[in-house]
Structures are given as C-alpha cells and as structure tokens.
Amino acid sequence: MLSHYFPGRLLSAAFATCVLACTPLYAQAQTQGEAQAADPAPDTAAGPTWKLSGFGTLGVVHSNSREADFSSSILRASGAGVSGSWSPDVDSRLGAQLDVSQGAWSGVLQVISEQRLNGSYHPRVEWANIKYQMTPDLAVRVGRIALPVFLGAESRKVGYTIPWVRTPVEVYGALPISSSDGVDATWRWNAGAVRHATQVFSGSTDQDLGFGLQIDAENILGLSHSIDYGPLTVRLSAARARLNTDIAADLFAALRMFGPQGQMLAERYAIVDKRVTMISAGASYDPGAWFVTAETGRTRTDSLLGGGTSVYVGAGWRQGAFTPYVGYAQIRADVKTSDPGLSLAGLPPPVAAGAAQINGALNTLLATIPIQTTWSTGVRWDVAADVALKLQFESVRPRGGSRGTLINSTPAFRSDRTTSVTSIALDFVF
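Summarised in this report is the structure supplied together with it. (Residues numbered from 1 in each chain as written. Predicted model: local features only at pLDDT ≥ 70, side-chain atom pairs only at ≥ 80, totals over all residues. Heavy atoms only, no water.)

Let us look at the overall build of the protein. A tally of regular secondary structure across the protein gives six helices and 19 strands. Within the protein, the proportion of its 430 residues that are buried is 50%. Looking at the protein alone, contacts between residues at least 24 apart form 66% of all its contacts between residues at least 6 apart. (Helix = DSSP H or I, 4+ residues; strand = E, 2+ residues; numbered from the N terminus. Buried < 20%, exposed > 50% of the residue type's maximum accessible area, 1.4 Å probe, protein only. Contact = heavy atoms within 4.5 Å.)

Structure follows, in structure tokens:
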C-alpha cells in the first residue's frame, strides 16, 4: 500500500546489483530459530564456533496487467505489469548470515539484498543480535530480531523453506516490516508430548522509504506462542505499536487549511502517533506425504493505512522430487475505503475546485487499503540437494474499488478485474 504514495516512475534495478552487492557475503540455510538455537556448551575454553551459510532466490514474474504492477511487497519500487510484463524484482533476493557461539552466548548477523523502494538492491541488516541461554529452557536476545508474527516469521525471506514461490501477499503483506530493534525472551516447555515456546518481545523499528520519507514503529510490544505436536504446528501472536510517518504530509496540510472539517479529516487519517494492533493465528499439518497449512491475521490502525482481515489456506502432495500444490488467499477491509471528504457546499468555485481535488487525492489513497482474492496452483521440483525450482500460476482479483496488493496503478486501473500472474523461481541454500 505504501508504494502508491510515491509519484512518478521508478526504473527497475538491474538484478546484477543484487549479486554484486552480496557476493562477499554468506546467508542462512535454515530458519532463525534453528540457526540460533544452541544450548549452553559445557566447554568455553576452545574458543567461539563460527558458521557461514547462505540462501537466495532467482525469480522472474509475468503479469498480463497493463494498469498496475504485481509485487510481493509494498516496499518494492516496481513489479510485473505496467513497469514491464516480465520482472526479476518481485522475488529475487540474496542473503548472508554469520553465526557465532561460545558456551551460553551466541550471536547472529544476517544481511539481505532485495529490491527497495528506491529501486536499488542496497543490502540491509535484517538480523543482528546476541543471545544468552540463561537455562536450557529460557533464552534472552537483544538487538535486531525477527518479529515473531505468522507461522513463517523467521523464514519468510528464505524461499527454499516454503513450498510455494512466496508467502501469501494477502496475509504477510499486512506486516511488511519483518524485524525490530529491541529485546525478547523465549521460554520452551513441555506438557506431555506437546512442545511449547512462549515468546515476549519489545522494540522499535524505522524504515527508510526513500524520497526523503521514513516510517517509524515505536513501542512495539507483543506475545507469541508456538505449539508442536507430532506433525502439527500452531502459532498464535499478538502485537501493538505506535506508527509515525510523514507520508501524504502535503495532503494533510492542505486539508487543515479548510478549517475544523479539514482538521478533523487530517487528524483521522494522518499517520502520526497512531496505534496499530495485529493478531494472527496459523496451523500446519505435515505428516510427510502431504501437508495443509492455514493462517489468518487481523490488522487495525485508525489512519490512512486502515485495517483488514486476511486468510490463506494451502495444501500440497509430495510425489518424489515433485510437490504440486494449490492455495487460496483473501484480504478484506474492515474500514471504509472511501470518504466524502470536504463539503463543497457554499465554497467559491475556485476554492470548491481545489477542495474537490483534495477529496480525490484522499480517496485515491484510501483505495490502496487492500480488498483482494487470489487462487493459486503450482509445482515445486527439488532439483538437487538444497536447490528447488518452482512454477506457480495465480489469479489475482482486487475487489470493491480497491487496488488490492497491486502497486504503481495508473488512472486506467479498474478494480474487479482479474490479473493473471506466472512466477518462476529458483530457490537455493548453501
């Protein structure tokens, strides 16, 4: 949704920039929970243990839309569609991770290069934290940590670990910021054959959006609880924060010039010290030959960002090296996606014309609150150890006047039209 707030066309970054940026680096092959989990070592005299590992995705996406771009994130400059029928920028990324451990102490540094809002592949530090294993069951971390929301929170950027090309945009796109700077504590405990992990976390984060804009999430506080029982995995999460950004600041300044009604509209929609809340629940059942997974989330903020409820369900069947799969995802708005705006009654014609333009700009932004359904099908081919090739087809349909999760829409864009998307991705870990 944020990508709609920036005018003009951004050139697609050459994917070679991603490779050049991260060639000296290494990245993770497993989830952060696996990469960082280390019980206290009994012998610390031997010195620290170091580990280098890597992951990446080489992807290309085709869209038949000529009025908007299909993208995997609102924090992208471009995608497949109006910017070009084929795009490598939707899914391609390269990451690097360095792990170190000694006794009860361990640390991790992860850097990821993927397209940013300014079109570059400039690497960003995704994780950088130190963990202390206080007891075999209790660990505390400080630094930049993955936000533990959604089933795939720790591995959402490692395409090899998921069956489909990407995590469902309708659900995971509601939280485009995937890490925060702060502290967390995780307590692992058992109840018979059921394994539990309860995690509390607190922190803040800021994202440089380019164009001189930034979005800050402060006072993040949340709770996540995971359950494992045989082939069943369940995760429940809740979090809240305060958001600040100067997105659309010119629009709100113009609204305030229209007296009390304009000031009321600016106060309602400006993203200034606005509370945002998110809850999510997900479950996956994977006995080996087949799997099914489902997840839902709800986000709410009383601002231009609005709020919505999202859900996805997917299933697959493993046939040797091949895994065909199907999926369905949906997001709906829980707030109004339009507003009458300023009253034009009684205004002089030139002033009324200006007010009408402001109302139009406001409703253009409100239309970015996503309402969308997506049907998908695909196949994963495990070509070799640690390498998977995926082919995926999607039917994406924004609804209710919304642009859905599409970005860079043109004036010719119309909701309730189906966009056909084809994705090819080569995922690898090393």
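So, next bit.
With that settled, the discussion passes to helix α4 (residues 249-256). Among the residues of α4, those classed as buried are L251, F252, A254 and L255. Mapping the buried residues of α4 onto a view down its axis gives an arc of 160 degrees, with all of them on the same face. Along its buried surface, α4 packs onto α5 (259-269) and α6 (349-366). (Arc of directions from axis to C-beta.)

Right, let's talk about the packing of aromatic side chains for a bit. For the coordinates displayed, the defined rule picks out ten aromatic pairs. Where W164 meets Y312, the ring centres are 6.4 Å apart and the plane angle is 85 degrees; that geometry is what we call edge-to-face. Of this pair, W164 sits in the loop between β8 (138-146) and α3 (169-172) while Y312 is found in strand β15 (residues 307-317), placing the two residues 148 residues apart along the sequence. Residue W164 is classed as buried on the basis of its relative accessible area, which comes to 9%. Ring centres of W164 and Y325 lie 5.7 Å apart, and the angle between their planes is 75 degrees; this geometry places the pair in the edge-to-face category. Here W164, found in the loop between β8 and α3, pairs with Y325, found in strand β16 (residues 322-333); they are 161 residues apart in sequence, far enough to count as distant. Here W164 and Y325 have matching classes, each one buried. Following the ring pairs from residue to residue traces out a cluster consisting of W164, F291, Y312 and Y325. (Phe/Tyr/Trp six-rings, centres within 6.5 Å; stacked < 30°, edge-to-face > 60°.)

A separate point is the nonpolar core. One finds F150, F252, L255, Y269 and L304 to be the most contacted residues of the largest nonpolar core, which totals 40 residues. Within the residue set of this core, elements represented by two or more residues are α3, β11 (213-229), β12 (232-245), α4, α5, β13 (272-285), β16 and α6. For this core, the leading source of residues is α6, giving five residues. Leave out the neighbours within four places in its chain, and F252 touches I247, A266, Y269, A270 and L304. Judged by nonpolar contacts, the second largest core, of nine residues, contains V61, V90, L406 and F413. (Core = buried A, V, L, I, M, F, W, Y, C linked by side-chain atoms within 4.5 Å.)

Residues other than glycine seldom take positive phi values, yet N219 does so here, at roughly 55 degrees. By the secondary structure assignment, N219 is in strand β11. The phi dihedral of N408 falls on the positive side, at around 55 degrees, and the residue is not glycine. You can see N408 is positioned in the loop between β18 (387-398) and β19 (419-429).

It is worth spelling out the side chain of S63 at this point. Examined against the element boundaries, S63 turns out to sit in strand β1 (residues 49-63). Side-chain polar atoms of S63 contact the backbone nitrogen of S65, separated by 3.2 Å. The contacts of S63, once residues within four sequence positions are left out, are F70, A80, G81, S85, T419, S420 and V421. (Polar contact = N/O pair within 3.5 Å; in protein donor to acceptor, adjacent residues only side chain to side chain.)

The next subject is the environment of S72. Relative to the assigned elements, S72 resides in the loop between β2 (69-70) and β3 (80-81). By relative accessible area, S72 is classed as buried at 17%. Measuring from C-alpha to C-alpha, the distance between S72 and T405 comes to 8.4 Å, with 333 residues separating the pair along the chain. Leave out the neighbours within four places in its chain, and S72 touches V90, D91, R166 and V169. From its side chain, S72 meets the backbone oxygen of V90 in a polar contact 2.5 Å long.

Taken as a whole and judged by the stated rule, the model has 17 salt bridges. For D273, the salt bridge goes to R242, with nearest N and O atoms at 3.3 Å. In this pair, D273 sits in strand β13 while R242 sits in strand β12, placing the two residues 31 residues apart along the sequence. A salt bridge links K390 to D427; the nearest nitrogen and oxygen atoms lie 2.8 Å apart. Placement of K390 in strand β18 and of D427 in strand β19 is noted, with a sequence separation of 37 residues between them. A relative accessible area of 0% places D427 in the buried class. (Salt bridge = Lys/Arg side-chain N within 4 Å of Asp/Glu carboxyl O.)

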